[in-house]
Amino acid sequence: MARVNIAAVPIPGVDADAGRVVESMVASAPEPASHETPELTKPATIEPVAPEPEIVPIVSLRDVAQGLLKHITRERMITAVLACVSIGTLFLIWYLGTKYRFEFYIRFKNVPTPAEVFQQAMQVGLSNKFVYNIAMSVRRILTGFAIAIAIGVPLGLMIGRYARVRDLFMPVTEILRPIPAIAWVPMSIMLWPNNEAAIVFITFIGAFFPILLNTIHGVHSLDGVLIRAGRCLGANEPQLFWNVILPGSLPHIFTGLAVGMGVAWVSLIAAEMISGQYGVGYFTWEAYSLVDYPAIMLGMITIGVLGLACSGIIRMVGVLLMPWLAFASGSKR
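A brief structural summary. (Residues numbered from 1 in each chain as written. Predicted model: local features only at pLDDT ≥ 70, side-chain atom pairs only at ≥ 80, totals over all residues. Heavy atoms only, no water.)

Focus: the side chain of Arg140
At step 1: Here Arg140 shows up in helix 5 (residues 128–161).
At step 2: Note on Arg140: relative accessible area 3%, which makes it buried.
At step 3: Polar side-chain contacts of Arg140 include one of 2.7 Å to the backbone oxygen of Tyr278. (Helix = DSSP H or I, 4+ residues; strand = E, 2+ residues; numbered from the N terminus. Buried < 20%, exposed > 50% of the residue type's maximum accessible area, 1.4 Å probe, protein only. Polar contact = N/O pair within 3.5 Å; in protein donor to acceptor, adjacent residues only side chain to side chain.)

Here it is as structure tokens:
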């Protein structure tokens with residue numbers, strides 16, 4: 001390739017040193033690329049990369065124990081200890097009363113001892129009849145309670161929100177509410193085609209009114225600023241119900257659920273004692289008819305344990321649905 005020789009020509013009025021700089025810049029310029037077309041290189045083939053084997057983490061018993069220990073706080077330990085002390089005190093009074101046969105206003109003369117009741121539980125627990133009685137009672141309580149929630153909560157929200165709905169439903173509610181559930185037993189037997197439907201109806205009656213009234217109270221106690229703020233943000237009526245009224249009323253609703261569950265168990269046991277053929281209430285009443293005192297105590301303890309389990313489940317669901325209550329004043333953070 002021919003090279004171009006560049007000579008430094010002195011320019012009048014320009015310093016000699018500046019001319020040398022221009023000369024050096026031109027001399028150091030890179031040579032132009034050749035016009036010859038380079039040979040085309042073959043594209044490199046991309047080989048597929050084998051997927052790495054998935055690594056499954058191995059969870060050891062130590063990891064599980066450490067995870068459980070993280071949830072065990074000092075506050076929870078104190079709560080568990082106090083609960084054990086409370087239940088233990090009850091059993092201690094029962095044991096001392098039956099051992100020394102106290103007869104001061106309260107007579108423990110015919111009350112069975114805890115050992116006798118435990119022995120009865122071992123005998124009955126081996127039979128399928130007792131388990132079937134528990135299953136029947138649980139099924140009835142869940143069915144009646146679910147119907148009470150499905151009717152009581154929406155109706156309570158409507159009564160609490162709209163005055164016309166309140167004027168329509170509250171008079172009949174106040175007439176039916178004072179009637180005890182046990183008084184509905186004869187009427188329910190006449191209304192429903194079988195005893196099973198009648199018992200579920202009585203359970204529903206017991207749970208319905210506490211749920212309804214607490215839901216109404218929750219809507220009435222809601223801060224009006226929240227509703228006005230939702231209106232200003234452009235929320236329509238269904239959005240207000242779902243995003244403002246229902247979350248604001250949830251604490252009162254769950255209070256009604258807890259109270260309604262207790263009343264539902266009272267109503268269920270009374271209905272099973274009168275017209276039932278299966279269930280814990282029927283088991284307790286049958287033991288009373290046979291003068292089997294340990295079985296009576298076993299039935300009572302079973303009712304208490306089942307009621308405690310149902311109330312605990314309601315509280316757990318309430319904690320999951322209302323996490324903001326952990327930051328409320330007076331709560332355990």
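Observations concerning the packing of aromatic side chains
Any pair of aromatic rings gets described here by the distance separating the centres and the angle formed by the planes.
At step 1: Across all of its chains, the model carries eleven aromatic pairs by this definition.
At step 2: Judged by centre distance (6.0 Å) and plane angle (40 degrees), the ring pair of Tyr162 and Phe241 falls under tilted. Taken together, the residues Tyr162 in the loop between helix 5 and helix 6 (163–176) and Phe241 in helix 10 (residues 237–275) connect sequence positions 79 residues apart.
At step 3: When its relative accessible area of 16% is taken as the criterion, Phe241 is described as buried. (Phe/Tyr/Trp six-rings, centres within 6.5 Å; stacked < 30°, edge-to-face > 60°.)

Observations regarding the packing of helix 7 (residues 184–191) against helix 8 (residues 195–220)
At step 1: Between helix 7 and helix 8, the shortest axis-to-axis distance is 9 Å and the interhelical angle comes to 135 degrees. Considering the angle they form, helix 7 stands oblique to helix 8. Crossing handedness for the pair helix 7 and helix 8: right-handed. Every residue of helix 8 that contacts helix 7 at Trp184, Val185, Ser188 and Ile189 is listed here: Ala198, Phe201, Ile202 and Ile205.
At step 2: Residues belonging to the contact of helix 7 with helix 8 are distributed by class as follows: seven nonpolar, one polar and no charged. (Axes fitted to C-alpha atoms, helices over the stretch in contact; angles between N-to-C directions. Parallel < 35°, antiparallel > 145°, perpendicular 65-115°, else oblique. Left-handed = near helix turned anticlockwise from the far one by under 90°. Contact = heavy atoms within 4.5 Å. Nonpolar A, V, L, I, M, F, W, Y, C, P; charged D, E, K, R; others polar.)

Focus: unusual backbone geometry
At step 1: The residue Arg101 is not glycine, and still its phi comes out positive at about 55 degrees.
At step 2: Summarising the element assignment, Arg101 is placed in the loop between helix 3 (74–100) and strand 1 (103–104).
At step 3: The exposure class assigned to Arg101 is partly exposed, which follows from its relative accessible area of 36%.
At step 4: One non-glycine residue with positive phi stands out, namely Val291, at about 55 degrees.
At step 5: When you line up the elements, Val291 lands in the loop between helix 11 (280–289) and helix 12 (293–321).
At step 6: Judged by relative accessible area, which is 52%, Val291 ranks as exposed.

Some remarks on the environment of Arg166
At step 1: Position of Arg166 among the secondary structure elements: in helix 6.
At step 2: A residue is classified by how much of its surface remains accessible, and Arg166, at 28% relative accessible area, is partly exposed.
At step 3: The spacing of Arg166 and Leu155 is eleven residues in sequence and 9.5 Å in space, taken between C-alpha atoms.
At step 4: With near-sequence residues (within four places) excluded, Arg166 lies in contact with Ile159, Gly160, Pro171 and His220.
At step 5: A distance of 3.2 Å separates the side chain of Arg166 from the backbone oxygen of Ile159, its partner in a polar contact.

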